[in-house]
Amino acid sequence: MNSALENLRRDFGGDIIEPGAAEYESASRSVLTLGSPAFVLRAENVGDVQAGVRFAADTGLSLSVRGGGHGFPGFGTNDGGVVIDLGRLSDVRIMDKDRHLVRIGGGATWGQVSAALAPHGLAISSGDTRSVGVGGLTLTGGIGWKVRKYGLALDNVVAAEMVTAGGQAVRASARENPELFWAIRGGGGNFGIVTAFEFAAHPTTDVFHGKITFPASEVAGVLQGWAGHLRTAPEELTSLVNFANPFAGGPQAPVEIHVAFDGDDPRLAAKAIDPIRRLGTVTDDDVALKPYADVLVDGAAPPPGIRLVTRAAFVDAGSVPEALRILAEAGAAEGAPFIAVRSVGGAVSRVPDDATAYAHRQAELMVMTTTAGPKPVIEAARTALESTWERLAPHVNGLYANFLTSAADKDVAAIYPTRTYERLAAVKRHYDPANLFAHNHNVRPQ
(Lines give C-alpha, C1' and ligand atoms only; values in the text may rest on other atoms or scores of the structure.)
Protein backbone atom coordinates (compact mmCIF):
# COMPACT_ATOMS: atom_id res chain seq x y z
CA MET A 1 0.00 0.00 0.00
CA ASN A 2 2.74 2.49 0.92
CA SER A 3 4.54 2.05 -2.39
CA ALA A 4 1.31 2.29 -4.40
CA LEU A 5 0.30 5.41 -2.47
CA GLU A 6 3.67 7.02 -3.12
CA ASN A 7 3.25 6.34 -6.84
CA LEU A 8 -0.23 7.83 -6.74
CA ARG A 9 0.92 11.01 -5.03
CA ARG A 10 3.69 11.31 -7.62
CA ASP A 11 1.55 10.64 -10.71
CA PHE A 12 -1.86 12.07 -9.77
CA GLY A 13 -2.30 15.78 -10.44
CA GLY A 14 -5.84 16.18 -9.15
CA ASP A 15 -7.17 16.14 -5.58
CA ILE A 16 -6.63 13.11 -3.37
CA ILE A 17 -9.31 13.30 -0.68
CA GLU A 18 -9.09 11.07 2.38
CA PRO A 19 -11.22 10.72 5.53
CA GLY A 20 -10.78 13.78 7.74
CA ALA A 21 -10.38 16.22 4.87
CA ALA A 22 -12.70 19.23 4.88
CA GLU A 23 -14.39 18.20 1.64
CA TYR A 24 -14.54 14.48 2.43
CA GLU A 25 -18.20 14.39 3.50
CA SER A 26 -19.48 15.73 0.18
CA ALA A 27 -16.84 13.98 -1.91
CA SER A 28 -17.53 10.56 -0.40
CA ARG A 29 -21.20 10.29 -1.35
CA SER A 30 -23.07 9.95 -4.59
CA VAL A 31 -26.41 11.66 -5.14
CA LEU A 32 -28.45 8.77 -3.75
CA THR A 33 -25.98 6.87 -1.57
CA LEU A 34 -23.74 7.58 1.41
CA GLY A 35 -20.28 6.08 1.26
CA SER A 36 -17.03 5.92 3.19
CA PRO A 37 -14.26 5.34 0.62
CA ALA A 38 -10.63 5.37 1.67
CA PHE A 39 -9.70 7.63 -1.25
CA VAL A 40 -11.67 9.95 -3.53
CA LEU A 41 -9.58 10.90 -6.55
CA ARG A 42 -10.76 13.97 -8.43
CA ALA A 43 -9.09 13.57 -11.79
CA GLU A 44 -7.96 16.56 -13.82
CA ASN A 45 -7.08 14.68 -17.01
CA VAL A 46 -6.70 11.27 -18.60
CA GLY A 47 -3.30 10.77 -16.99
CA ASP A 48 -4.93 11.11 -13.57
CA VAL A 49 -7.53 8.50 -14.48
CA GLN A 50 -4.76 6.14 -15.53
CA ALA A 51 -2.91 6.72 -12.26
CA GLY A 52 -6.10 6.11 -10.28
CA VAL A 53 -6.81 2.86 -12.08
CA ARG A 54 -3.26 1.63 -11.50
CA PHE A 55 -3.53 2.52 -7.82
CA ALA A 56 -6.76 0.57 -7.38
CA ALA A 57 -5.31 -2.42 -9.23
CA ASP A 58 -2.05 -2.36 -7.24
CA THR A 59 -3.76 -2.11 -3.84
CA GLY A 60 -6.66 -4.47 -4.51
CA LEU A 61 -9.11 -1.88 -3.21
CA SER A 62 -12.60 -1.86 -4.70
CA LEU A 63 -13.02 0.74 -7.41
CA SER A 64 -15.97 3.02 -8.10
CA VAL A 65 -16.27 5.46 -10.99
CA ARG A 66 -18.39 8.60 -10.59
CA GLY A 67 -19.76 10.74 -13.37
CA GLY A 68 -23.01 12.44 -12.38
CA GLY A 69 -23.47 10.12 -9.38
CA HIS A 70 -27.19 9.50 -9.93
CA GLY A 71 -27.08 5.71 -10.20
CA PHE A 72 -29.79 4.16 -8.04
CA PRO A 73 -27.56 1.31 -6.75
CA GLY A 74 -24.91 3.78 -5.59
CA PHE A 75 -22.17 2.71 -7.97
CA GLY A 76 -20.52 6.14 -7.61
CA THR A 77 -19.19 5.43 -4.12
CA ASN A 78 -18.21 2.57 -1.84
CA ASP A 79 -16.92 1.72 1.63
CA GLY A 80 -13.17 1.45 2.10
CA GLY A 81 -12.24 1.59 -1.57
CA VAL A 82 -11.23 4.05 -4.26
CA VAL A 83 -13.56 6.47 -6.06
CA ILE A 84 -12.38 8.08 -9.29
CA ASP A 85 -14.45 11.24 -9.75
CA LEU A 86 -14.65 12.41 -13.37
CA GLY A 87 -16.49 15.66 -12.67
CA ARG A 88 -13.66 17.86 -13.94
CA LEU A 89 -13.48 16.03 -17.27
CA SER A 90 -16.57 17.82 -18.51
CA ASP A 91 -15.64 19.82 -21.60
CA VAL A 92 -18.17 19.92 -24.44
CA ARG A 93 -16.64 20.78 -27.81
CA ILE A 94 -17.98 20.73 -31.36
CA MET A 95 -15.42 18.84 -33.44
CA ASP A 96 -17.05 19.03 -36.87
CA LYS A 97 -19.78 21.60 -37.50
CA ASP A 98 -20.82 20.10 -40.82
CA ARG A 99 -21.27 16.59 -39.41
CA HIS A 100 -22.44 17.83 -35.98
CA LEU A 101 -19.78 15.75 -34.22
CA VAL A 102 -19.42 16.67 -30.55
CA ARG A 103 -16.74 15.61 -28.07
CA ILE A 104 -18.01 15.35 -24.48
CA GLY A 105 -15.90 14.68 -21.41
CA GLY A 106 -16.77 11.56 -19.45
CA GLY A 107 -17.66 13.60 -16.37
CA ALA A 108 -20.10 15.99 -18.06
CA THR A 109 -23.78 16.14 -17.19
CA TRP A 110 -26.62 16.38 -19.68
CA GLY A 111 -27.42 19.88 -18.46
CA GLN A 112 -23.91 20.99 -19.39
CA VAL A 113 -24.27 19.33 -22.78
CA SER A 114 -27.66 20.83 -23.61
CA ALA A 115 -26.53 24.31 -22.55
CA ALA A 116 -23.36 24.09 -24.64
CA LEU A 117 -25.16 22.85 -27.76
CA ALA A 118 -28.18 25.15 -27.61
CA PRO A 119 -26.42 28.24 -29.08
CA HIS A 120 -25.48 26.09 -32.09
CA GLY A 121 -29.02 24.77 -32.63
CA LEU A 122 -27.91 21.22 -31.81
CA ALA A 123 -29.05 18.52 -29.40
CA ILE A 124 -28.37 14.89 -28.53
CA SER A 125 -31.00 12.33 -27.63
CA SER A 126 -30.42 11.86 -23.90
CA GLY A 127 -32.23 11.43 -20.60
CA ASP A 128 -34.51 13.97 -19.00
CA THR A 129 -32.49 15.28 -16.01
CA ARG A 130 -29.85 18.02 -16.16
CA SER A 131 -27.60 16.70 -13.41
CA VAL A 132 -27.47 13.10 -14.65
CA GLY A 133 -24.04 12.14 -15.97
CA VAL A 134 -23.46 11.54 -19.65
CA GLY A 135 -21.38 8.43 -18.97
CA GLY A 136 -23.66 6.45 -16.68
CA LEU A 137 -26.77 7.08 -18.72
CA THR A 138 -25.16 6.46 -22.10
CA LEU A 139 -23.29 3.26 -21.28
CA THR A 140 -26.50 1.41 -20.42
CA GLY A 141 -29.14 3.09 -22.59
CA GLY A 142 -30.51 6.62 -22.52
CA ILE A 143 -34.30 6.91 -22.88
CA GLY A 144 -35.35 10.55 -23.07
CA TRP A 145 -37.48 13.10 -24.87
CA LYS A 146 -36.10 12.42 -28.36
CA VAL A 147 -35.88 8.64 -28.14
CA ARG A 148 -38.53 7.78 -30.75
CA LYS A 149 -37.02 10.15 -33.32
CA TYR A 150 -33.27 9.78 -32.65
CA GLY A 151 -32.94 6.61 -30.60
CA LEU A 152 -31.14 5.97 -27.34
CA ALA A 153 -28.25 8.12 -26.19
CA LEU A 154 -25.91 5.20 -26.93
CA ASP A 155 -27.20 4.99 -30.51
CA ASN A 156 -25.65 8.39 -31.18
CA VAL A 157 -22.15 7.52 -29.92
CA VAL A 158 -19.58 7.26 -32.72
CA ALA A 159 -16.45 6.77 -30.62
CA ALA A 160 -15.12 6.74 -27.07
CA GLU A 161 -11.78 7.34 -25.41
CA MET A 162 -11.21 4.95 -22.53
CA VAL A 163 -8.82 3.84 -19.81
CA THR A 164 -8.75 0.08 -19.43
CA ALA A 165 -8.08 -2.02 -16.35
CA GLY A 166 -4.39 -2.13 -17.22
CA GLY A 167 -4.21 1.66 -17.20
CA GLN A 168 -3.90 1.97 -20.98
CA ALA A 169 -5.65 4.72 -22.91
CA VAL A 170 -7.52 3.28 -25.92
CA ARG A 171 -10.05 4.43 -28.46
CA ALA A 172 -13.17 2.47 -29.37
CA SER A 173 -15.18 2.99 -32.55
CA ALA A 174 -16.54 0.99 -35.46
CA ARG A 175 -12.97 0.75 -36.83
CA GLU A 176 -10.84 0.81 -33.67
CA ASN A 177 -11.42 -1.93 -31.10
CA PRO A 178 -14.86 -2.60 -32.61
CA GLU A 179 -15.80 -5.34 -30.16
CA LEU A 180 -15.11 -2.99 -27.25
CA PHE A 181 -17.19 -0.34 -29.02
CA TRP A 182 -20.05 -2.83 -29.30
CA ALA A 183 -19.78 -3.70 -25.61
CA ILE A 184 -19.76 -0.19 -24.15
CA ARG A 185 -23.02 0.63 -25.92
CA GLY A 186 -25.23 -1.15 -23.41
CA GLY A 187 -22.70 -3.06 -21.31
CA GLY A 188 -22.23 -0.33 -18.72
CA GLY A 189 -18.98 0.41 -16.94
CA ASN A 190 -17.69 -3.15 -17.10
CA PHE A 191 -14.86 -2.55 -19.57
CA GLY A 192 -13.08 0.60 -18.52
CA ILE A 193 -13.53 4.28 -17.76
CA VAL A 194 -14.77 6.44 -20.62
CA THR A 195 -12.91 9.73 -20.39
CA ALA A 196 -14.57 11.22 -23.49
CA PHE A 197 -17.38 10.40 -25.90
CA GLU A 198 -17.85 11.49 -29.48
CA PHE A 199 -21.52 11.91 -30.34
CA ALA A 200 -23.38 12.65 -33.54
CA ALA A 201 -25.68 15.51 -32.55
CA HIS A 202 -28.63 16.68 -34.66
CA PRO A 203 -30.08 20.08 -35.52
CA THR A 204 -32.95 21.01 -33.22
CA THR A 205 -35.62 23.67 -32.97
CA ASP A 206 -37.68 24.56 -29.94
CA VAL A 207 -40.01 21.74 -28.96
CA PHE A 208 -43.58 21.49 -27.70
CA HIS A 209 -43.39 20.05 -24.20
CA GLY A 210 -45.57 19.78 -21.11
CA LYS A 211 -48.15 17.65 -19.39
CA ILE A 212 -51.83 16.90 -19.93
CA THR A 213 -53.65 15.82 -16.77
CA PHE A 214 -56.68 13.56 -16.28
CA PRO A 215 -58.61 12.38 -13.18
CA ALA A 216 -57.33 9.22 -11.48
CA SER A 217 -60.72 7.57 -12.10
CA GLU A 218 -60.01 7.56 -15.85
CA VAL A 219 -56.60 5.89 -15.67
CA ALA A 220 -57.58 2.59 -17.32
CA GLY A 221 -59.06 4.12 -20.45
CA VAL A 222 -56.46 6.87 -20.70
CA LEU A 223 -53.59 4.38 -20.52
CA GLN A 224 -54.97 2.13 -23.24
CA GLY A 225 -55.85 5.05 -25.50
CA TRP A 226 -52.44 6.64 -24.98
CA ALA A 227 -50.60 3.45 -25.92
CA GLY A 228 -52.80 2.96 -28.97
CA HIS A 229 -52.09 6.49 -30.18
CA LEU A 230 -48.34 6.21 -29.67
CA ARG A 231 -48.33 3.11 -31.85
CA THR A 232 -49.20 5.21 -34.92
CA ALA A 233 -48.14 8.70 -33.83
CA PRO A 234 -45.31 10.46 -35.67
CA GLU A 235 -41.89 9.68 -34.26
CA GLU A 236 -41.45 13.34 -33.41
CA LEU A 237 -43.78 12.62 -30.46
CA THR A 238 -42.29 10.99 -27.37
CA SER A 239 -44.41 10.59 -24.26
CA LEU A 240 -44.66 9.11 -20.79
CA VAL A 241 -47.46 8.61 -18.26
CA ASN A 242 -47.14 9.07 -14.50
CA PHE A 243 -49.82 8.02 -12.01
CA ALA A 244 -50.39 6.82 -8.44
CA ASN A 245 -47.89 9.41 -7.21
CA PRO A 246 -47.87 8.93 -3.40
CA PHE A 247 -46.87 12.58 -2.92
CA ALA A 248 -49.92 13.77 -4.89
CA GLY A 249 -52.65 11.53 -3.48
CA GLY A 250 -51.56 7.99 -4.26
CA PRO A 251 -54.48 6.18 -5.89
CA GLN A 252 -56.30 9.52 -6.18
CA ALA A 253 -53.34 11.28 -7.79
CA PRO A 254 -54.05 12.65 -11.27
CA VAL A 255 -52.88 10.85 -14.38
CA GLU A 256 -50.17 12.95 -16.02
CA ILE A 257 -49.30 12.43 -19.67
CA HIS A 258 -46.05 14.21 -20.45
CA VAL A 259 -45.38 14.91 -24.11
CA ALA A 260 -42.51 16.24 -26.19
CA PHE A 261 -43.05 17.00 -29.87
CA ASP A 262 -39.71 17.45 -31.60
CA GLY A 263 -40.49 20.44 -33.79
CA ASP A 264 -41.79 24.01 -33.62
CA ASP A 265 -44.65 23.80 -36.13
CA PRO A 266 -47.85 24.33 -34.05
CA ARG A 267 -50.04 22.66 -36.65
CA LEU A 268 -48.01 19.46 -36.73
CA ALA A 269 -47.66 19.47 -32.95
CA ALA A 270 -51.41 19.80 -32.47
CA LYS A 271 -52.06 16.99 -34.94
CA ALA A 272 -49.78 14.71 -32.93
CA ILE A 273 -50.86 15.76 -29.43
CA ASP A 274 -54.61 16.50 -29.79
CA PRO A 275 -55.61 12.80 -29.86
CA ILE A 276 -54.17 12.54 -26.35
CA ARG A 277 -56.25 15.50 -25.22
CA ARG A 278 -59.35 13.64 -26.40
CA LEU A 279 -58.65 10.55 -24.26
CA GLY A 280 -60.61 11.81 -21.25
CA THR A 281 -61.46 14.77 -19.05
CA VAL A 282 -58.54 17.18 -19.24
CA THR A 283 -58.02 18.96 -15.90
CA ASP A 284 -54.77 20.71 -16.80
CA ASP A 285 -52.75 21.28 -19.97
CA ASP A 286 -49.50 23.24 -19.89
CA VAL A 287 -47.96 22.10 -23.18
CA ALA A 288 -45.99 24.98 -24.66
CA LEU A 289 -43.16 25.73 -27.08
CA LYS A 290 -39.83 25.93 -25.27
CA PRO A 291 -36.10 25.46 -25.92
CA TYR A 292 -35.05 21.82 -25.78
CA ALA A 293 -32.54 22.60 -23.02
CA ASP A 294 -35.44 23.80 -20.84
CA VAL A 295 -37.18 20.44 -21.15
CA LEU A 296 -34.60 18.79 -18.90
CA VAL A 297 -35.48 18.91 -15.21
CA ASP A 298 -33.29 19.44 -12.18
CA GLY A 299 -32.36 16.35 -10.20
CA ALA A 300 -32.45 16.40 -6.42
CA ALA A 301 -31.00 14.21 -3.70
CA PRO A 302 -33.62 12.70 -1.37
CA PRO A 303 -33.68 13.99 2.22
CA PRO A 304 -31.59 12.07 4.76
CA GLY A 305 -33.17 8.76 5.72
CA ILE A 306 -35.27 8.53 2.56
CA ARG A 307 -34.60 5.55 0.31
CA LEU A 308 -35.68 4.94 -3.27
CA VAL A 309 -36.48 1.47 -4.61
CA THR A 310 -36.90 1.37 -8.37
CA ARG A 311 -37.51 -1.33 -10.94
CA ALA A 312 -38.08 -1.12 -14.68
CA ALA A 313 -38.89 -3.65 -17.40
CA PHE A 314 -40.02 -3.70 -21.02
CA VAL A 315 -43.33 -4.49 -22.69
CA ASP A 316 -43.57 -5.78 -26.25
CA ALA A 317 -46.52 -4.83 -28.46
CA GLY A 318 -48.60 -7.97 -27.89
CA SER A 319 -48.48 -7.61 -24.10
CA VAL A 320 -49.32 -3.90 -23.89
CA PRO A 321 -53.10 -4.16 -23.20
CA GLU A 322 -52.76 -6.66 -20.36
CA ALA A 323 -49.72 -4.99 -18.79
CA LEU A 324 -51.49 -1.63 -18.75
CA ARG A 325 -54.64 -3.22 -17.27
CA ILE A 326 -52.60 -4.66 -14.41
CA LEU A 327 -50.82 -1.36 -13.82
CA ALA A 328 -54.10 0.56 -13.71
CA GLU A 329 -55.44 -1.83 -11.09
CA ALA A 330 -52.21 -1.71 -9.09
CA GLY A 331 -52.21 2.08 -9.12
CA ALA A 332 -55.74 2.21 -7.73
CA ALA A 333 -54.83 0.13 -4.66
CA GLU A 334 -53.77 1.62 -1.34
CA GLY A 335 -50.02 1.59 -0.88
CA ALA A 336 -49.37 1.58 -4.62
CA PRO A 337 -45.90 2.58 -5.83
CA PHE A 338 -45.36 5.54 -8.11
CA ILE A 339 -45.87 4.18 -11.64
CA ALA A 340 -44.38 5.53 -14.86
CA VAL A 341 -44.79 4.17 -18.39
CA ARG A 342 -42.55 5.46 -21.18
CA SER A 343 -42.96 5.14 -24.92
CA VAL A 344 -40.04 3.62 -26.80
CA GLY A 345 -40.14 2.04 -30.28
CA GLY A 346 -39.49 4.24 -33.28
CA ALA A 347 -35.79 4.77 -33.99
CA VAL A 348 -34.80 2.39 -31.16
CA SER A 349 -36.49 -0.55 -32.87
CA ARG A 350 -34.82 0.08 -36.23
CA VAL A 351 -31.35 -0.70 -34.88
CA PRO A 352 -30.52 -4.42 -35.35
CA ASP A 353 -30.85 -6.40 -32.14
CA ASP A 354 -27.18 -7.40 -32.12
CA ALA A 355 -25.73 -4.06 -33.23
CA THR A 356 -25.12 -2.99 -29.62
CA ALA A 357 -25.20 -4.64 -26.19
CA TYR A 358 -28.57 -2.97 -25.47
CA ALA A 359 -30.84 -5.97 -25.95
CA HIS A 360 -34.43 -4.68 -25.82
CA ARG A 361 -34.91 -3.12 -29.23
CA GLN A 362 -38.42 -4.37 -29.94
CA ALA A 363 -40.05 -3.10 -26.76
CA GLU A 364 -42.96 -0.73 -27.24
CA LEU A 365 -43.05 0.51 -23.65
CA MET A 366 -40.83 0.66 -20.59
CA VAL A 367 -42.56 0.34 -17.21
CA MET A 368 -41.07 1.69 -13.99
CA THR A 369 -42.17 1.60 -10.36
CA THR A 370 -40.69 3.67 -7.54
CA THR A 371 -41.22 3.33 -3.81
CA ALA A 372 -39.83 6.12 -1.63
CA GLY A 373 -39.62 6.68 2.10
CA PRO A 374 -37.78 5.71 5.26
CA LYS A 375 -36.94 2.05 5.79
CA PRO A 376 -40.24 1.17 7.58
CA VAL A 377 -42.24 2.59 4.67
CA ILE A 378 -40.17 0.64 2.16
CA GLU A 379 -40.65 -2.58 4.11
CA ALA A 380 -44.38 -2.02 4.49
CA ALA A 381 -44.76 -1.52 0.73
CA ARG A 382 -42.70 -4.58 -0.22
CA THR A 383 -45.56 -7.10 -0.35
CA ALA A 384 -47.78 -4.98 -2.60
CA LEU A 385 -44.83 -4.14 -4.85
CA GLU A 386 -43.78 -7.76 -5.26
CA SER A 387 -47.38 -8.74 -5.96
CA THR A 388 -47.60 -6.15 -8.74
CA TRP A 389 -44.44 -7.41 -10.41
CA GLU A 390 -45.54 -11.04 -10.04
CA ARG A 391 -48.72 -10.17 -11.94
CA LEU A 392 -46.72 -8.29 -14.56
CA ALA A 393 -44.16 -11.06 -15.00
CA PRO A 394 -45.90 -12.89 -17.90
CA HIS A 395 -46.31 -9.60 -19.78
CA VAL A 396 -42.90 -7.92 -19.37
CA ASN A 397 -39.37 -8.89 -20.25
CA GLY A 398 -35.86 -7.83 -19.40
CA LEU A 399 -34.86 -5.01 -17.07
CA TYR A 400 -33.63 -1.49 -17.80
CA ALA A 401 -30.33 -1.02 -15.97
CA ASN A 402 -30.60 2.75 -15.56
CA PHE A 403 -33.74 2.45 -13.44
CA LEU A 404 -32.71 -0.43 -11.18
CA THR A 405 -31.91 -0.12 -7.49
CA SER A 406 -30.43 -3.61 -7.26
CA ALA A 407 -27.52 -5.28 -9.05
CA ALA A 408 -27.86 -8.95 -8.18
CA ASP A 409 -26.98 -11.75 -10.58
CA LYS A 410 -30.65 -12.23 -11.44
CA ASP A 411 -30.88 -8.57 -12.42
CA VAL A 412 -27.85 -8.83 -14.70
CA ALA A 413 -29.32 -11.97 -16.29
CA ALA A 414 -32.51 -10.04 -17.07
CA ILE A 415 -30.64 -7.04 -18.47
CA TYR A 416 -28.57 -9.20 -20.83
CA PRO A 417 -30.00 -12.21 -22.67
CA THR A 418 -27.70 -15.23 -22.78
CA ARG A 419 -26.07 -14.55 -26.15
CA THR A 420 -25.49 -10.91 -25.31
CA TYR A 421 -24.01 -11.82 -21.92
CA GLU A 422 -21.68 -14.41 -23.41
CA ARG A 423 -20.36 -11.91 -25.94
CA LEU A 424 -19.92 -9.29 -23.21
CA ALA A 425 -18.08 -11.80 -21.03
CA ALA A 426 -15.64 -12.47 -23.87
CA VAL A 427 -14.92 -8.73 -24.16
CA LYS A 428 -14.56 -8.56 -20.39
CA ARG A 429 -12.00 -11.38 -20.41
CA HIS A 430 -9.92 -9.46 -22.92
CA TYR A 431 -10.03 -6.00 -21.32
CA ASP A 432 -10.62 -6.70 -17.62
CA PRO A 433 -9.75 -10.31 -16.78
CA ALA A 434 -9.39 -9.60 -13.04
CA ASN A 435 -12.77 -7.82 -12.92
CA LEU A 436 -11.36 -4.57 -11.55
CA PHE A 437 -14.47 -2.81 -12.85
CA ALA A 438 -16.94 -4.84 -10.77
CA HIS A 439 -18.94 -2.07 -9.07
CA ASN A 440 -21.71 -2.07 -11.67
CA HIS A 441 -24.28 -4.45 -13.13
CA ASN A 442 -21.39 -6.79 -13.36
CA VAL A 443 -20.52 -9.03 -16.29
CA ARG A 444 -17.96 -11.47 -14.98
CA PRO A 445 -15.02 -12.46 -17.17
CA GLN A 446 -15.28 -16.18 -16.32
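Residues numbered from 1 in each chain as written. Predicted model: local features only at pLDDT ≥ 70, side-chain atom pairs only at ≥ 80, totals over all residues. Heavy atoms only, no water.

Going by what an unreviewed UniProt entry lists, the protein is known as FAD-binding oxidoreductase and is assigned to Actinomadura nitritigenes. The record in UniProt for the protein states the following under Sequence similarities (unreviewed entry): "Belongs to the oxygen-dependent FAD-linked oxidoreductase family." Here the protein is described in UniProt, under the heading Cofactor (unreviewed entry), as follows: "FAD". (UniProt positions renumbered as here; feature names shortened; annotations may be inferred.)

Draft legend 1. View of the overall build of the protein. Along its length, the protein carries 13 helices and 19 strands. For the protein, whose C-alpha radius of gyration is 22 Å, the value lies close to the compact-globule estimate of 22 Å for 446 residues. Projected onto its principal axes, the C-alpha positions of the protein cover 70 × 55 × 45 Å. Of the contacts formed within the protein by residues at least 6 apart in sequence, a portion of 72% connects residues at least 24 apart. (Helix = DSSP H or I, 4+ residues; strand = E, 2+ residues; numbered from the N terminus. Rg over C-alpha atoms; globule rule 2.2 N^0.38 Å. Contact = heavy atoms within 4.5 Å.)

Draft legend 2. Highlighting the pairing of strand β12 (residues 207-214). In terms of residue burial, β12 counts as a mostly covered element, since 7 of its 8 residues are buried. Taken together, the 3 bridges between β12 and strand β16 (residues 288-290) define a ladder with antiparallel strand orientation. Across the sheet, the residue bridging to F208 is L289, located in β16. Here β12 pairs with strand β14 (residues 255-261) via 7 bridges, running antiparallel. Each residue of the ladder has a partner; that of G210, found in β14, is V259. (Buried < 20%, exposed > 50% of the residue type's maximum accessible area, 1.4 Å probe, protein only. Pairing = 2+ DSSP bridges.)

Draft legend 3. Main features of the sheet that holds strand β6 (residues 101-105). Spatially, the 5 strands line up as an open sheet ordered β5-β6-β10-β8-β9, and their pairing is antiparallel. Across the chains shown, the open sheet's two edge strands, defined by having one partner strand only, are β5 (92-96) and β9 (169-173). Taken pair by pair, the neighbouring strands of this sheet meet at an average axis angle of 20 degrees, ignoring direction. Sheet analysis places strand β8 (residues 157-163) next to β9, joined by 5 bridges and oriented antiparallel. What sits directly across from A159, in β9, is S173. Across the sheet, helix α4 (residues 110-117) is in contact with β5, β6 and β10 (193-200); its angle to β5 comes to roughly 50 degrees. (Axes fitted to C-alpha atoms, helices over the stretch in contact; angles between N-to-C directions.)

Draft legend 4. How the structure looks around helix α11 (residues 375-392). Its 18 residues place the ends of α11 25 Å apart at the C-alpha level, agreeing with the 26 Å of an ideal helix rising 1.5 Å per residue. For α11, the principal kink sits at R382 and spans about 45 degrees. Considered for burial, the residues of α11 that qualify are I378, A381, L385, T388, W389 and L392. Looking at the packing, one finds that the buried side of α11 touches β17 (307-315), α10 (320-331) and β19 (365-373). (Expected span 1.5 Å × (residues − 1). Bend = angle between axes of the 7 residues up to and from the residue.)

Draft legend 5. Broad picture of unusual backbone geometry. With a phi angle near 60 degrees, H100 is a residue other than glycine that sits in the positive phi range. Here H100 lies in the loop between β5 and β6. For H100, a relative accessible area of 22% translates into the label partly exposed.

Draft legend 6. Region of interest: the environment of T356. Locating T356 in the fold gives a position in the loop between β18 (338-343) and β19. Residues T356 and V157 lie 199 residues apart in sequence; the distance between their C-alpha atoms is 11 Å. Within the structure, the side chain of T356 is placed 3.3 Å from the backbone nitrogen of Y358, a separation counted as a polar contact. (Polar contact = N/O pair within 3.5 Å; in protein donor to acceptor, adjacent residues only side chain to side chain.)

Draft legend 7. Spatial organisation of the packing of helix α1 (residues 2-11) against helix α3 (residues 46-59). Two elements in contact, α1 and α3, have axes separated by 10 Å at closest approach and are oriented at 175 degrees. As summarised for this structure, α1 and α3 are arranged roughly antiparallel, according to the angle between their axes. Of α3, the residues touching α1 (which contributes A4, L5, L8 and D11) are D48, A51, G52, R54, F55, D58 and T59. Tallied by class, residues from the contact of α1 with α3 come to 5 nonpolar, 2 polar and 4 charged. (Parallel < 35°, antiparallel > 145°, perpendicular 65-115°, else oblique. Nonpolar A, V, L, I, M, F, W, Y, C, P; charged D, E, K, R; others polar.)

Draft legend 8. Seen up close, the packing of aromatic side chains. As enumerated under the stated definition, the model contains 7 aromatic pairs in all. Measuring from centroid to centroid gives 5.1 Å for F39 and F55, while their planes differ by 90 degrees, and the two rings are edge-to-face. Residue F39 is found in strand β2 (residues 39-42), and its partner F55 is found in helix α3; the two are separated by 16 residues along the sequence. The buried category is assigned to F39, whose relative accessible area is 6%. Relative accessible area serves as the criterion here: at 2%, F55 is assigned to the buried category. Between F314 and Y358, the aromatic rings sit 6.1 Å apart at their centres with planes inclined by 90 degrees, giving edge-to-face as the arrangement. Of this pair, F314 sits in strand β17 while Y358 sits in the loop between β18 and β19; the two residues are 44 residues apart in sequence, bridging distant segments of the chain. Y358 shares its class with F314; the two are buried. Within the aromatic cluster, the residues linked to one another by ring pairs are F72, F314, Y358, Y400 and F403. Over the ring of F181 we find R185, and its NZ or CZ is 3.8 Å from the ring centre. When the ring centre of W182 is taken as reference, the NZ or CZ atom of R423 above it lies at 3.9 Å. (Phe/Tyr/Trp six-rings, centres within 6.5 Å; stacked < 30°, edge-to-face > 60°. Lys NZ or Arg CZ within 6 Å of the ring centre and 35° of its normal.)

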